[in-house]
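# Reading the structure
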Amino acid sequence: MATQDRLIESTQELLWDRGYVGTSPKAIQQRAGVGQGSMYHHFAGKPDLAAAALRRSAEQMRAVAEADLAAPGTAYDRIARYLGRERDVLRGCRIGRMAQDPDVVADPRLRAPVEETFDWLRGRLAAVIAEGQAAGELAPAADPADTAAAVVAVVQGGYVLARAAGTAEPFDQAVRGALGLLAAHRTG
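My aim in this report is to walk through the structure given alongside it, one point at a time. (Residues numbered from 1 in each chain as written. Predicted model: local features only at pLDDT ≥ 70, side-chain atom pairs only at ≥ 80, totals over all residues. Heavy atoms only, no water.)

Scanning all chains against the criterion turns up one aromatic pair. Measuring from ring centre to ring centre gives 5.1 Å for Tyr159 and Phe171, while their planes differ by 40°; the resulting arrangement is tilted. Here the residue Tyr159 occupies a position in helix H9 (residues 144-165), and Phe171 occupies one in helix H10 (residues 169-183), the gap between them amounting to 12 residues. Phe171 sits in the buried class, given a relative accessible area of 3%. A cation over an aromatic ring shows up here: Lys46 above the ring of Tyr20, its NZ or CZ 4.1 Å from the ring centre. A cation over an aromatic ring shows up here: Arg186 above the ring of Tyr76, its NZ or CZ 3.9 Å from the ring centre. (Phe/Tyr/Trp six-rings, centres within 6.5 Å; stacked < 30°, edge-to-face > 60°. Helix = DSSP H or I, 4+ residues; strand = E, 2+ residues; numbered from the N terminus. Buried < 20%, exposed > 50% of the residue type's maximum accessible area, 1.4 Å probe, protein only. Lys NZ or Arg CZ within 6 Å of the ring centre and 35° of its normal.)

This is the structure in structure tokens:
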């Protein structure tokens, strides 16, 4: 793996585990197995590297979600696939955890990939819901944008509840509840 990629990947993991303040340049260098000169050859500093890591995490999250949401099946099936996919629940969401980091949300450059990812996800889910309504699979009563926002909130809130409880059950319960609510809008 190229040095730049090792630095980005190491920063992704450290941000996820420790947050922005807890991710020191020294820890990044140690995890990546590179020296200070290599880090500063590729990135102007920690904010530059963190921005690259957040962009990569955002791209990866979108790709995984898109694979679920673009798969064959009804709108309900695709959303159920997205909600039910394998996750490291107790570790939390790689992007959602950054939305809770005061240093990330205070910096527009660091916040941008987080905000853009959640905007994309809500939009993509709303499109799937609208497709389901147009195909007659889902009742037209549910507003696609509102329903999509609720689905995203269930996932993010489920992570928080699971981490607080030290078990994945609150996340799983939230997903089952969301699917039950969505199922109530199925027409077939």
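What follows picks up the thread again.
Across soluble globular proteins, nonpolar side chains show a tendency to be buried alongside one another. Leu7, Ile79, Tyr82, Leu83, Leu121 and Leu125 are the most contacted members of the largest nonpolar core, which totals 51 residues. Of all the secondary structure elements, the ones that give two or more residues to this core are helix H1 (3-18), helix H2 (25-32), helix H4 (46-69), helix H5 (75-84), helix H8 (108-134), H9 and H10. Here this core gets 10 residues from one element, more than from any other, and that element is H4. Residues contacting Tyr82, with those up to four places away along its chain left out, are Ala65, Asp68, Leu69, Arg87, Leu121, Leu125, Val151 and Val155. (Core = buried A, V, L, I, M, F, W, Y, C linked by side-chain atoms within 4.5 Å. Contact = heavy atoms within 4.5 Å.)

Moving on, we come to the environment of Gly96. Secondary-structure assignment places Gly96 in helix H6 (residues 96-99). Its relative accessible area of 3% is what places Gly96 among the buried residues. For Gly96 and Leu121, which are 25 residues apart along the polypeptide, the C-alpha to C-alpha distance reads 12 Å. When residues no more than four places from it in sequence are discounted, the contact partners of Gly96 are Phe118 and Gln156.

Turning to H5, a few remarks are in order. Every buried residue belonging to H5 is among Ala75, Tyr76, Arg78, Ile79, Tyr82 and Leu83, and all of these are buried. Summarising the axial view, the buried residues of H5 lie within an arc of 165°, below the 170-degree limit, and thus occupy one face. Looking at the packing, one finds that the buried side of H5 touches H4, H8, H9 and H10. (Arc of directions from axis to C-beta.)

Moving on: H1. Within an α-helix, residues lying three or four positions from one another point in the same direction, as the helix has 3.6 residues per turn. Spanning 16 residues, H1 covers 22 Å between terminal C-alpha atoms, matching the ideal 22 Å at 1.5 Å per step. The set of residues buried in H1 consists of Leu7, Ile8, Ser10, Thr11, Gln12, Glu13, Leu14, Leu15 and Trp16. (Expected span 1.5 Å × (residues − 1).)

Right, let's get into the side chain of Gln29. Relative to the helices and strands, Gln29 is located in helix H2. Ignoring sequence-local partners within four residues, the contact set of Gln29 consists of Val34, Gly35, Gln36, Met39 and Tyr40.

What follows is about the pattern of salt bridges. One pass over the full model with this rule turns up 11 salt bridges. For the salt bridge of Asp48 with Arg109, the shortest nitrogen-to-oxygen distance reads 2.5 Å. In this pair, Asp48 sits in helix H4 while Arg109 sits in helix H8, placing the two residues 61 residues apart along the sequence. In this structure, the salt-bridge partner of Arg78 is Glu131, at a minimum N-O distance of 2.9 Å. Here Arg78, found in helix H5, pairs with Glu131, found in helix H8; they are 53 residues apart in sequence, far enough to count as distant. Through salt bridges with shared partners, a single network forms among Glu13, Asp17, Arg91 and Arg94. (Salt bridge = Lys/Arg side-chain N within 4 Å of Asp/Glu carboxyl O.)

By the secondary structure assignment, Asp77 is in helix H5. Separated by 102 residues in the primary sequence, Asp77 and Leu179 place their C-alpha atoms 9.8 Å from one another.

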